[in-house]
Structure formats: structure tokens, C-alpha cells
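So the chains spell out like this:
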Amino acid sequence: SRWRQDFPFINALKGKVSSSNLTFQGLKYDNLSAQLEYDDGKINMKSLSILMGDNPLTGELHADLNTEGFGINIDIPKPIHLPFIVKEIKTLSTAGEVSGHLEFAGTGITPKTIKGSGYINLMYRFDTSPDYTFETSANFTWANEVISSTDAAVLAGEGRALAQAGFDMARKKMEIKAETK
């Protein structure tokens, strides 16, 4: 490692990060590990593995603190069980299994400053209806606190819909236009 006089005091660092038996936002993680490199404001996290039960979430992340650029790739090749989606709802069980892929790249550090684009493909199977799957895939953009897609495809059981969607985080509004096929 190389040291400097001012924060963050380190110019270069390389190593492995790992932890086990974590709880974050109500979710339990059995193990987390990654190869981490920091060099003059550039962060690379490779070989990221988060184990929840028997199946891992894998991926990598890179960020440049000087330009605020970033990129992330996440794979969930085998279903991971979640006790809820986003947060627990007492009157509705959203527990189930998720698998899929996420790619996202852009600039910005906070939701207010992020500008970027990506691709998502997720499959979800609710515990309450294990024979029924929900799958979505979409290219998306994130700018001005709005996440939007003009080409989302949604499969629910045997039904299919094409959708345009916008999620305005600042105004807490959502707009979805869909056409079934």
C-alpha cells in the first residue's frame, strides 16, 4: 500500500474482503467475499460472492471516485430464497426465489446524481404459488432520480406483456403502460 497525508490516507490497497453471518435490511447472508483493489481513487471489486443459503450471488463492481464513474455486473445463476421483496409487508407475503442477471454502468454516487443505463433479467417464484413464475427483462436508464424502460418484457405464467415504465424516486410516483400479447 501507498500512504498519503490527507484522507483517505491510502493511495493503493489490495486484498480479500470476507465476512460471515451478516444481517442487512432484514436479510441474512451466510458469507460475503471479494477481491478488492483500490488505486488512486479507483475501486475494483472482483470475484464478489454473496452466499444466501446454498446458492451464491456473484459479480463484480468497479468505480472511479475521481470521475464518479461506475459499473456493476451481478449474476444469480441458481435461485436464492428471499423472505420478502424490498421490505417486509405484514399483509402480503412476497417471500420467494429469485435468479437472474443485472448490468448497470454510469456516473454519480447518490440516487440524485446517478446517470446511467443497464439491463436486467430476473425470474421470481413466490412461495405462495410455486408453480407460477414471474419473469421480466428490460434495458433501462437512470437519470434525474427516474428509472425508466421503453422495452420491458414481462412474463407471468403463460401471459406476456410488453411495457414502458418509469419510477420517479423523488416524487414517489410510478407509471406503467403495458400491452398484453
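Here, every reference points to the structure presented above.
The rules behind each value
Position numbers for residues start from 1 in each chain and track the written sequence from start to end. Since the coordinates come from a predicted model, pLDDT governs what is reported: local features require at least 70, and pairs of side-chain atoms require 80 or more to be given and counted, while whole-chain, interface and lining totals use all residues. Think of the side-chain values as coming from all heavy atoms in the structure, minus any hydrogens and water. Here, strands pair whenever DSSP counts at least two bridges between them. A run of H or I in DSSP counts as a helix once it spans at least four residues, and a run of E counts as a strand once it spans at least two, with each numbered from the N terminus. By the convention used here, residues are in contact when the closest approach between their heavy atoms is within 4.5 Å. Note on aromatic pairs: the rings of Phe, Tyr and Trp (six-membered ring only in Trp) are paired at centre separations within 6.5 Å, and the planes decide the class, stacked below 30 degrees, edge-to-face beyond 60, tilted for the rest. Relative accessibility under 20% of the residue-type maximum defines a buried residue, over 50% an exposed one, and the middle range a partly exposed one, all with a 1.4 Å probe and only protein chains included.

What follows is about the pairing of strand 5 (residues 55–64). Regular strands place their side chains on alternate faces of the sheet. The pairing of strand 4 (residues 42–52) with strand 5 spans nine bridges and is classified as antiparallel. The partner of methionine 52 across the bridge, within strand 5, is asparagine 55. The turn joining strand 4 and strand 5, which pair antiparallel and follow one another in sequence, is formed by two residues; a positive phi near 75° is taken by glycine 53. Pairing of strand 5 with strand 6 (residues 69–82), which is carried by seven bridges, proceeds in the antiparallel orientation.

In this structure, serine 33 sits in strand 3 (residues 27–39). In contact with serine 33, other than residues within four places in its own chain, are Lys16, Val17, Ser18, Ser47, Leu48 and Ser49.

What follows covers the packing of aromatic side chains. Tallying each qualifying case throughout the model produces four aromatic pairs. Note on phenylalanine 70 and phenylalanine 104: the rings are 5.3 Å apart at their centroids and 55° apart in plane angle, and the pair reads as tilted. Taken together, the residues span a long stretch of sequence, with phenylalanine 70 in strand 6 and phenylalanine 104 in strand 7 (residues 96–107) at a distance of 34 residues. We note that phenylalanine 70, like phenylalanine 104, is buried. Each residue in the set Phe70, Phe104, Phe140 and Trp142 is aromatic and connected to the rest through ring pairs, giving one cluster.

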